[in-house]
Amino acid sequence: MLTPLVLSGGSGTRLWPVSRRNLPKQFLCLKGERTLFQQTVARARRLPDAAAPIVVASEDHRFLAAEQLQEAGVADAAIVLEPLARNTAPAIALGALEALARDAEALLLVLPADHLITRPQAFADAVARALPSAREGWLVTFGIRPDRPETGFGYIRRGAAIGEGVYRVERFVEKPDLATARGYLADGGYDWNSGMFLFRAARYLEELGQHAPAMLEAVRAAHAQARRDLDFIRIDKDAFARVPEDSIDYAVMEKTARAAVVPVDCGWSDIGSWSALWQAGERDAQGNLREGDTLAIDTHDCLLRSHEHHLIAAVGVRDLVVVGTPDATLVAHRDAAQEVKRIVDELKSRGRSEHLIHRKVYRPWGSYDAIDAGPRFQVKRIVVKPGASLSLQKHHHRAEHWVVVSGTAEVTRGEEVFLLGENQSTYIPLGSVHRLRNPGKVPLELIEVQSGGYLGEDDIVRLDDVYGRR
């Protein structure tokens, strides 16, 4: 069976301020109505004879992955949780071991969750061309036919044909300078390295064992200690910490004698920068990609993206990226879009939080939006899904006032359990054990006012939690 393996551990720092550690780009709707993660899963499931997908995700994003799979109608996926980031070679090894537990002859189709493909049938045709070689033991990668001299991607030099539309990899090439990239484009024998692969799961582990035996041994040990928790397969953290970190390219593909490439023109983009999104998007007559509430006068070849209820207006500019969120605005030249990561690094060094979380934070029970804050107070708009419940908890440093805006709240406060309706309120004293639940069939919306000497999210002592959080 063909088993899609969706790698969903990336952080997407070059798409700041929209992509952040708690909500990276694969879980965002950057093009179309579904997230890149949902598009990737749907694209894989449409392939002939595709089995249930395996998703390898960061433990921090487990509920995002589960909820988006549920929204997409995918109920049979296995979600393997990485407790630590160890790059693609170990992540694929985890997926291979999981696939082999189902099917000893499993073919693994490795797909990064944050890629965009606008012509899925062309990609499906490329997978079909790759299948015979993969079954014969080749490790097949998919090379994207270049349409411009791109310096942000690695390249693959095609060698001799080994099948119809399948070539031996002559060599992998690092990201080139502009002059070299122009030469590759003129040569015609080079493709972009897409990071997508097809091979037998057992063959990948065989090659990994030959070229990185310590990595394979450590991954096997970590996978053997995995435990099932709700919808997740949790990899043992201490064991996984002993796994060496490396990419599949360096650990296996550049060393194996059985690497093959299938060139494909499928409207692919890794959406690796705002410039890449501008390139892949639908631009107006002035070359602008505009999303949200924007106004452009005498503005050309720009990307303008606003958040809800926030106008971005531009006049007399060209080749800019302007992206706004409720708590941050990015202004960059399109040619410098790859350098946005430097802003993230600077935010980290200053101890700021804008690279970590959005003002609006998603939780398995719903979301909260930190709408105001000051010395000793914070105000949040909280939305709880129908039937969902927050943990039974207490706080050492803050008290809370809750005002119901719409819906019905079931409140546990100490030994009391009572209902609140629209326009009703209650007070949660400091140290009081409490829980908030939505017993209704519509979302519960309330305003929470916190007051106290410390208002950090880590001032939560969870006594009971249906989502297994601590």
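These numbers were taken from a predicted model, which means no experiment stands behind them.

**Focus on the UniProt feature "domain: MannoseP isomerase/GMP-like beta-helix" (unreviewed entry) in the chain**
Next, step 1: Under the feature "domain: MannoseP isomerase/GMP-like beta-helix" (unreviewed entry), the UniProt entry names residues 293-347.
Next, step 2: Along residues 293-347 the backbone is 15% helical and 42% strand, and the end-to-end C-alpha distance reaches 27 Å.

**Some remarks on the sheet that holds strand E20 (residues 360-363)**
Next, step 1: Across the sheet, six strands lie side by side as E20-E21-E22-E29-E24-E27; this open sheet has antiparallel pairing. The sheet is open, and its two edges are formed by E20 and strand E27 (425-428), each paired on a single side. Taking each pair of neighbouring strands and ignoring which way they run, the sheet shows an average axis angle of 20°.
Next, step 2: Looking at chain direction, strand E22 (residues 377-384) and strand E29 (residues 444-452) are connected through eight bridges and run antiparallel. Looking at E29, one finds that valine 384 is bridged to leucine 444.

**Remarks on a nonpolar patch on the surface**
Next, step 1: Taken together, the side chains of Leu295, Ile297, Leu311 and Val315 define a hydrophobic patch exposed on the protein surface, amounting to about 370 Å² of accessible area.
Next, step 2: Summarising the element assignment, isoleucine 297 is placed in strand E15 (residues 294-297).

**A closer look at the side chain of arginine 158**
Next, step 1: If you trace the backbone, arginine 158 turns up in strand E7 (residues 155-163).
Next, step 2: Residue arginine 158 is classed as buried on the basis of its relative accessible area of 14%.
Next, step 3: A polar contact is formed between the side chain of arginine 158 and the backbone oxygen of glycine 188, at a distance of 2.7 Å.
Next, step 4: Contacts of arginine 158, omitting those with residues within four sequence positions, involve Arg145, Tyr167, Arg168, Glu170, Gly188, Gly189, Tyr190, Asp191, Val261 and Pro263.

**Let's talk about the sheet that holds strand E16 (residues 303-305)**
Next, step 1: Pairing within the open sheet is mixed, and its four strands lie in the order E14-E16-E18-E19. Unpaired on one side and paired on the other, strand E14 (289-291) and strand E19 (328-333) mark the two borders of the sheet. Between one strand and the next, the sheet's axes are offset by a mean angle of 5°, whatever the strand orientation.

**Points about the nonpolar core**
Next, step 1: By size, the foremost hydrophobic cluster in this structure holds 58 residues, and its most contacted members are Phe37, Trp274 and Leu436.
Next, step 2: Ranked by the residues each element gives to this core, the list is headed by helix H2 (residues 62-71), at five residues.
Next, step 3: Those residues in contact with tryptophan 274 that sit more than four places away from it in its chain are Arg14, Leu15, Trp16, Val18, Leu303, Arg305, Val321, Val323, Leu330, Ala337 and Val340.
Next, step 4: Formed by 44 residues, the second largest nonpolar core is a distinct cluster that contains Ala93, Ala96, Leu97 and Ala218.

Each value, and the rule that gives it
Residues numbered from 1 in each chain as written. Predicted model: local features only at pLDDT ≥ 70, side-chain atom pairs only at ≥ 80, totals over all residues. Heavy atoms only, no water. UniProt positions renumbered as here; feature names shortened; annotations may be inferred. Helix = DSSP H or I, 4+ residues; strand = E, 2+ residues; numbered from the N terminus. Pairing = 2+ DSSP bridges. Axes fitted to C-alpha atoms, helices over the stretch in contact; angles between N-to-C directions. Patch = residues over 30% accessible without salt bridge, like charges linked within 9 Å, V, L, I, M, F, W, Y side chains within 5 Å. Areas by Shrake-Rupley, 256 points an atom, 1.4 Å probe, with all protein chains shown as cover. Salt bridge = Lys/Arg side-chain N within 4 Å of Asp/Glu carboxyl O. Buried < 20%, exposed > 50% of the residue type's maximum accessible area, 1.4 Å probe, protein only. Polar contact = N/O pair within 3.5 Å; in protein donor to acceptor, adjacent residues only side chain to side chain. Contact = heavy atoms within 4.5 Å. Core = buried A, V, L, I, M, F, W, Y, C linked by side-chain atoms within 4.5 Å.

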